[in-house]
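What follows is each chain in one-letter form.
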Amino acid sequence: MRFKWGKNLKLLIVVTILVTFLTGCWDSEELNTLAITGVIGIEKTNNKVNLIMEVYNPVASGGKDTQQGEAAKYIQSNGESFFDAIRNLTIVFDKKIFFAHTKEMIICEDTARKGFIDLLDLWGRQHQPWPNTYLLISKGSKPADIIGGKSGIETTSANYIEDLITNSSKNTGKTVITNVTDFLRDYYGNGSGAVGVISKQKKMGVSGGKNTEYELVTEGAAIFSGQKLVGFLDGTETRAMNFATGKIKSAIIVSPTLDNQGINSVEVIRTENKINAYIEGNQILFTLDIKIMGTLAEETGSIDTDKNPEIIKTIANRNSEVVKKEVEDVIKKAQEEYKTDIFGFGHALHSKYPKQWKNIKGDWNYLFSLSEVRVTVNTEIENIGLLSSPLLTRR
């Protein structure tokens, strides 16, 4: 019988292709052997790295029936290094830690003041950790006091903290969102940056029938010079910094009415900013132009805006004055108190004067503290809502 090479060769190729789909990964791990980490807290004390982690309970958090157990477990360990502390967790916990889905890394304030770039080596070197993990500094509290605390609807700290920082950033501008990659880029760039903050504060009331004493707050920013924490900004200062860097998504700016009997609330819809750099002799000068587009969300005075359309322009000007002062104040604080460029002025100078930058980049933070910054803010109110005049003028 004659052997049919063509037909059998085709069959061999098909079988070979199908066999490749039957192979498995040599280093694969089953889900039931892993502890998926949502948030990790780190503190260095007495040459030891102390860890606290939230790990998901797949039975409780995977379905609607939460009667089967808590949504997460909280575990702690310590070691000579970050990796050593992680492996030591297997002494006290029955699963292997899995970092690919870690949402937040919280660094203790005391550790951040001493510098923690060494702790990020593992995060950048290993394939499993996610480089876009949010980075937060625990202000006034240890990470162990933060992780596990929540007063919202989410059942895990990781999801709760993520919602806090994203919602605050989108709606108030009083929060900074920074991940591990952002921090390393700033560290290896101009050596300065701002990192998100998380802290505890006493609750003002009772939530959900449970008299929980404290709640978590993500307002403000942690300021770094190099790898060390040098200070903090409050919520208003953080919002001003975000205006200066063009990172405002939305915010509410409050100013007094013309009769000083009420307030104007302008909702910021979008912003534009532009930085120009100039070298004039031995002086470095920057101009920062900020344009705000917004809507009049609230006006509680007694002056009828419907009868005098120019009042809308006056409200816009007052809004600009408030933002201008806040931005000037936070720039002054960064220059005089922290001597740290957290706004990106150095990038603008580098882009325009690359040759001169080579000679001054090593002393940039000092030179920034001596630089002049001129701020201009213009506001356009595009909409005044459903009311053409304040309610107080209708009686």
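Only a predicted model underlies this, so the values are computations on that prediction, with no experimental measurement involved.

Concerning the nonpolar core
Phe243, Val327, Ile331, Phe343, Phe345 and Leu349 are the most contacted members of the largest nonpolar core, which totals 38 residues. The element that contributes the greatest number of residues to this core is helix H10 (residues 310-338), accounting for six residues. In contact with valine 327, not counting residues within four places along its chain, are Ala240, Phe243, Ala244, Leu288, Ile290 and Val375. With 34 residues, the next largest nonpolar core counts Leu51, Val195, Val197 and Phe224 among its residues.

Some points on the packing of aromatic side chains
All told, the structure shown has 13 aromatic pairs when counted by the stated rule. Centroid distance phenylalanine 345 to phenylalanine 368: 5.9 Å. Interplanar angle 25 degrees. Geometry classified as stacked. Of the two residues, phenylalanine 345 is situated in helix H11 (residues 345-352) and phenylalanine 368 in helix H13 (residues 364-370); the sequence distance between them amounts to 23 residues. Phenylalanine 368 shares its class with phenylalanine 345; the two are buried.

Regarding H11
The set of residues buried in H11 consists of Phe345, Gly346, Ala348 and Leu349. The buried residues of H11 all sit within an arc of 160 degrees when viewed along its axis, so they share a single face. Check the buried side of H11 and you find it contacts strand S12 (263-280), strand S13 (283-299), H10, helix H12 (354-360), H13 and strand S14 (372-383).

Here's the deal with the sheet that holds strand S11 (residues 251-256)
Spatially, four strands are ordered S11-S12-S13-S14 in an open sheet, and the strand pairing comes out mixed. The sheet terminates laterally at S11 and S14, the two strands that pair on one side only. Each strand of the sheet is rotated relative to its neighbour by a mean of 40 degrees, with strand direction disregarded. Relative to S13, S12 is paired through 16 bridges, and the arrangement is antiparallel. Counterpart to glutamate 272 in the pairing with S13 is lysine 291. Together, S12, S13 and S14 form the strand contacts of H11, whose direction differs from that of S12 by roughly 40 degrees.

Thoughts on the pairing of strand S10 (residues 228-233)
Strand residues, when the strand is regular, have side chains that alternate between the two faces of the sheet. Relative to S10, strand S9 (residues 221-225) runs antiparallel, the two sharing five bridges. Residue serine 225 lies in a different strand from S10, and its bridge partner there is lysine 228. The turn linking S9 back onto S10 is made up of two residues, and glycine 226 within it adopts a positive phi angle of 70 degrees.

Calculation criteria
- Per-chain numbering applies: the sequence of each chain, read as written, is numbered from 1 onward.
- Local features are withheld for residues below a pLDDT of 70 in this predicted model, meaning they are given only at 70 or higher, and side-chain atom pairs are given and counted only at 80 or more; totals for whole chains, interfaces and linings count all residues.
- Neither water nor hydrogens contribute to the side-chain values; these are computed over all heavy atoms in the structure.
- Buried Ala, Val, Leu, Ile, Met, Phe, Trp, Tyr and Cys residues that are joined via side-chain atoms within 4.5 Å together make up what is termed a nonpolar core.
- Remark: exposure states derive from per-residue accessible area (1.4 Å probe, protein chains only) relative to the maximum for the residue type, with buried under 20%, exposed over 50%, and partly exposed in between.
- Labels follow the DSSP assignment, with helices taken as runs of H or I lasting at least four residues and strands as runs of E lasting at least two, numbered in each case from the N terminus.
- We call two residues contacting when some pair of their heavy atoms lies within 4.5 Å.
- To pair, rings of Phe, Tyr and Trp, with the six-membered ring standing in for Trp, must have centres within 6.5 Å; the planes then decide the type, stacked if under 30 degrees apart, edge-to-face if over 60, and tilted in the middle.
- As used here, the arc belongs to the directions running from the helix axis to the C-beta atoms.
- Note on pairing: DSSP must find at least two bridges between two strands before they are called paired.
- Lines fitted to the C-alpha atoms define the axes, with helices restricted to the stretch that makes contact. Angles between their N-to-C directions range from 0 to 180 degrees.

Functional significance is not addressed by these values, which are geometric in nature.
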